[in-house]
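Given next are the chains, with one letter for each unit.
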Amino acid sequence: MGALVTITCASCGGSVAMEAGRRRPACLFCGAETLMEDDRAEQIEAADTYVPFDQSEAQARAVFKEWASKKFWAPSEIRGATLGLNGLLLPAWTWSGTVETHWAALIRARTQSGKRPTSGSESWAVDGVLVPASRSLTRAELAEISPFQSAVEPFDAEEADLPFELGQLTRTAARAAGTRAMRELHAARLEDDVSAVRLSTSCLFHDLEGTPVLLPIWIGAYRVGDKPYRVVLNGQTGAITGTAPVSWVKIAIAVGIGAAIMCAGLMFFGVGALILGQ
Amino acid sequence: MSVARQCPQCGAQVELPPERISDACAFCATPLVDGTERDDHADLIAPFDLPQVVAARRLGQHMQDKWFLPSKLKTAGKPESLHGVLVPFWSYDATARSDWTARQGITWTRIETYTTVVDGKTVTRTRTVTETEWFDSSGSHVATYDDHLVSGSRGLSEAEANELEPFDLGKALPFSAELLAGWVAEAPTVPRTEARDVANQELADNENSAIARFLPADRTSGVENTTSIQVTELKLVLLPVWIGTWRYKGEPLRLLVNAQTGEVVGDLPTDWLKVTLAVMAALIVTGGFGLMAMLILAILGNL
């Protein structure tokens, strides 16, 4: 005969009731709800390795100057802009694994529509796919200043002499971001390989491994006029990305010059034609 | 067949039907949970998010929105009973691998010349015609499914279960007897072999529409797939449903409310007299318009 049990309150020994509409049962007598611990919330794993800085602040400033001087369309004030620069270790996840992609595509062909369908599948092993784990860095920015060499060192938060930020992604969320990145990378690769006009992919992921890591980043802020702009530097390799203002005066001048050249060309041909005609 | 057990709180004899794993003592309302070790023990339980009053309001609203509901039911308002039941579902995590064949159509345009008569003269004009070029194609497709639910209760048909979904299993807690206390909870009455067949069929159907969306051509037709399903994890979950019941002309009526989303599911009787009246009214209105139109035409014709 099966045993029939009542639930007993852990604090007073009374019966426990689950009132309709309540998420947790409460003791009938003392109202205590301390019967269960909700330990489902996934903990955020702290990084225990980091990539050290190889670029000093002076080097980072030099990289910015060089980058700014190559911004052809930016107003010349950009070269004199003062850069507020902060070096910090930013949290990210690095993922490796195998992407198994089954794809269908349209490719160029000698058909009436100029296209035909094709399909295939490919497994691709990748590693070092980085996804940021902080709001200070976007995935696009991180992709542009990647890669980092995997020369990591153990990280101890207690003894860190550099400012660092704590990660904001659980393993589950980081995994979703990592697999999305892998899928996009593989799709871009396949698009090139098969010269797809249009491509659809469906993916499975195998042997996924993810590790939280801290990356050395210089974040720079500068102003042109009263508008703020931002650059992000790879603190290991010096790769840089960022936003820069566009000078409408410069563009107007360029368009003017272009138009003038075209006019001159037309006049030249016109005159030439006239002379030849005579 | 129900089993008689003794309430450990008041000593009363309590009947517990075999599919019930928890209920309240009819005499002292002490929450009772079947402490027997069962091999079909639930893995997860999702608590009730929607309190009874809200479920009752949802049911009332649902009935007000039905035009052709018999007035007696509409004015009856509250259900005769509204029970919270933790209904068993089989939850599948699975990988689907499909081989597909399909016709894919790619559109292209051509310029066509044609002749027409303008002001009594024959002229040649051109127009753009869109054509579709069809190709036979085949390939493979993969997908993963998390928490695909199949009803584990004979009392809840798979069709009703699908209408009640989705449930958020993220809110479910690991099984503990405390969570059952005070609720009616059912043990699964649909065995896992049968549920597995249902899951295979549903996932293969899902894959068919997924492949149709996946194909890159402008148009697709005749998508056929052979799909193999590999189950990576099977869980038995108890999900919260409010069940409202009425009696109407001697027939039992039942509506279900998803106690997470408030979605209301169930068949309601139709008042055929109301439907007939509505159809007649519609006919009279359109007929009236038709008559008026004929009259106007006749008058215009006479002018």
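Residues numbered from 1 in each chain as written. Chains lettered and ligands numbered in written order. Predicted model: local features only at pLDDT ≥ 70, side-chain atom pairs only at ≥ 80, totals over all residues. Heavy atoms only, no water.

Q: What exactly am I supposed to notice about the packing of aromatic side chains here?
A: Under the definition given, this model contains eleven aromatic pairs over all chains. Ring centres of tyrosine 50 of chain A and phenylalanine 155 of chain A lie 5.8 Å apart, and the angle between their planes is 70°; on these two criteria the pair is classed as edge-to-face. One end of the pair, tyrosine 50 of chain A, is in strand S4 (residues 49–50); the other, phenylalanine 155 of chain A, is in the loop between strand S7 (153–154) and helix H4 (171–193), with 105 residues separating them in the sequence. Look at phenylalanine 89 of chain B and phenylalanine 167 of chain B: their rings are 5.6 Å apart centre to centre, the planes differ by 55°, and that puts the pair in the tilted class. Of this pair, phenylalanine 89 of chain B sits in strand S6 (residues 81–118) while phenylalanine 167 of chain B sits in the loop between helix H3 (158–164) and strand S8 (173–174); the two residues are 78 residues apart in sequence, bridging distant segments of the chain. (Phe/Tyr/Trp six-rings, centres within 6.5 Å; stacked < 30°, edge-to-face > 60°. Helix = DSSP H or I, 4+ residues; strand = E, 2+ residues; numbered from the N terminus.)

Q: Sorry, what's going on with the layout of surface pockets here?
A: Where empty space is left in the structure can be found by rolling a water-sized probe over the atoms. Of the pockets and cavities examined, the largest pocket occupies roughly 870 Å³. Along the walls of the largest pocket sit 27 residues, with Arg175 of chain A together with Asp93, Thr144, Tyr145 and Asp146 of chain B positioned nearest its centre. Elements with a contribution of two residues or more to the lining of the largest pocket: H4 and strand S8 (196–224) of chain A together with S6, strand S7 (121–151) and strand S10 (219–248) of chain B. Take the lining of the largest pocket: its biggest share by element is six residues, from H4 of chain A. Tallied by class, the residues present in the lining of the largest pocket amount to ten nonpolar, eight polar and nine charged. (1 Å grid on protein atoms, 1.4 Å probe; cavity = no way out; pocket = protein on both sides within 12 Å on 5 of 7 lines; lining within 4 Å. Points joined across faces, edges and corners; volume = space filled by probe spheres on them. Nonpolar A, V, L, I, M, F, W, Y, C, P; charged D, E, K, R; others polar.)

Q: It is not clear to me how the pattern of salt bridges should be interpreted in this structure. Could you clarify?
A: Two side chains of opposite charge can pair, provided their charged atoms sit close to one another. On inspection of all chains with the given rule, the structure shows 17 salt bridges over all chains. Across the pair arginine 139 of chain A and glutamate 184 of chain A runs a salt bridge whose closest N-O atoms are separated by 2.6 Å. Within this pair, whereas arginine 139 of chain A is found in helix H3 (residues 139–145), its partner glutamate 184 of chain A is found in helix H4, the two being separated by 45 residues in sequence. Glutamate 184 of chain A sits in the partly exposed class, given a relative accessible area of 42%. The salt bridge involving arginine 110 of chain B is made with glutamate 112 of chain B; its shortest N-O contact spans 3.3 Å. What emerges from the salt-bridge pattern is a single network uniting Arg110, Glu112, Arg127 and Glu131 of chain B. (Salt bridge = Lys/Arg side-chain N within 4 Å of Asp/Glu carboxyl O. Buried < 20%, exposed > 50% of the residue type's maximum accessible area, 1.4 Å probe, protein only.)

Q: Explanation requested: the confidence of the model for chain A in the structure shown.
A: In low-pLDDT regions, the fine details of the predicted coordinates are not to be read closely. Per-residue pLDDT for chain A has a mean of 83; in total, 85% of the residues score no lower than 70. Low pLDDT, under 50, characterises residues 35–39 of chain A; the stretch is placed with twelve contacts to residues that sit more than four places away or in other chains. (pLDDT = per-residue confidence, 0-100. Contact = heavy atoms within 4.5 Å.)

Q: So what exactly am I meant to see when it comes to the nonpolar core here?
A: Nonpolar side chains in soluble globular proteins tend to end up buried together. Residue and element names in this part refer to chain B. Residues Leu59, Leu86, Leu180, Leu238, Trp242, Leu255 and Val257 are the most contacted members of the largest nonpolar core, which totals 35 residues. Elements with a minimum of two residues in this core: helix H1 (52–64), S6, helix H4 (177–180), helix H5 (192–214), S10 and strand S11 (251–258). Among the elements that make up this core, the one with the highest residue count is S10 (five residues). Counting 19 residues, the second-largest nonpolar core is a separate cluster that includes Val85, Leu169, Ala172 and Val241. (Core = buried A, V, L, I, M, F, W, Y, C linked by side-chain atoms within 4.5 Å.)

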